[in-house]
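# Topology and contacts: notes
Here's the letter readout for the chains.
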Amino acid sequence: MMATTHALAGVVLAVLVGVLFPESAAGTSVIPVAAAALGGLFPDFDLYAGHRRTLHFPVYFSAAAVGTALVAVASPTVVTVAAALFFAAAALHSAMDALGGGLELKPWLGTSERAVYSPYHRRWIRP
């Protein structure tokens, strides 16, 4: 998927949090929205250095998202909500890449066996 799609998915996630929990920092500040957009982009910073292997952490980003979300629920500040949204958007990015196809130039052909590398499992996740 395109980097803009991943950033937009992060922004949509932040807007949903702001709508569902308007009293949270996501509903009152632009910083959590920017953090979510950056989180959506972050895994693709490995584009020229082992793309989908170096910064795509489907398990670790998901665990970090759950942990920071619990902190944000217990203490909803701009920083905690922004951190939770950053990690949630990065986890969403990794999942979208795994569900969206492999590393080939034409992912709709479905010829690749590798979508995203999971350091936790020490193997490539199939598309």
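Here, every reference points to the structure presented above.
A few points on the structure. Just so it is clear, the model here is predicted, and its values are computed rather than measured. (Residues numbered from 1 in each chain as written. Predicted model: local features only at pLDDT ≥ 70, side-chain atom pairs only at ≥ 80, totals over all residues. Heavy atoms only, no water.)

### Concerning the overall build of the protein
The number of helices and strands found in the protein is four helices and two strands. Listing the helices and strands of the protein from first to last along the sequence gives α-α-α-α-β-β. Over its C-alpha atoms the protein spans a radius of gyration of 15 Å, differing by no more than 12% from the 14 Å that the globule rule assigns to 127 residues. Along the first, second and third principal axes, the C-alpha set of the protein runs to 45 × 25 × 25 Å. For the protein, the proportion of its 127 residues judged to be buried stands at 40%. (Helix = DSSP H or I, 4+ residues; strand = E, 2+ residues; numbered from the N terminus. Rg over C-alpha atoms; globule rule 2.2 N^0.38 Å. Buried < 20%, exposed > 50% of the residue type's maximum accessible area, 1.4 Å probe, protein only.)

### Thoughts on the packing of aromatic side chains
Counted according to the given criterion, the structure contains nine aromatic pairs. Ring geometry for F42 and F45: centres 5.6 Å apart, planes at 70°, overall edge-to-face. Among the aromatic residues, those joined into a cluster by ring pairs are F42, F45, F57, Y60, F61, F86, F87 and Y120. (Phe/Tyr/Trp six-rings, centres within 6.5 Å; stacked < 30°, edge-to-face > 60°.)

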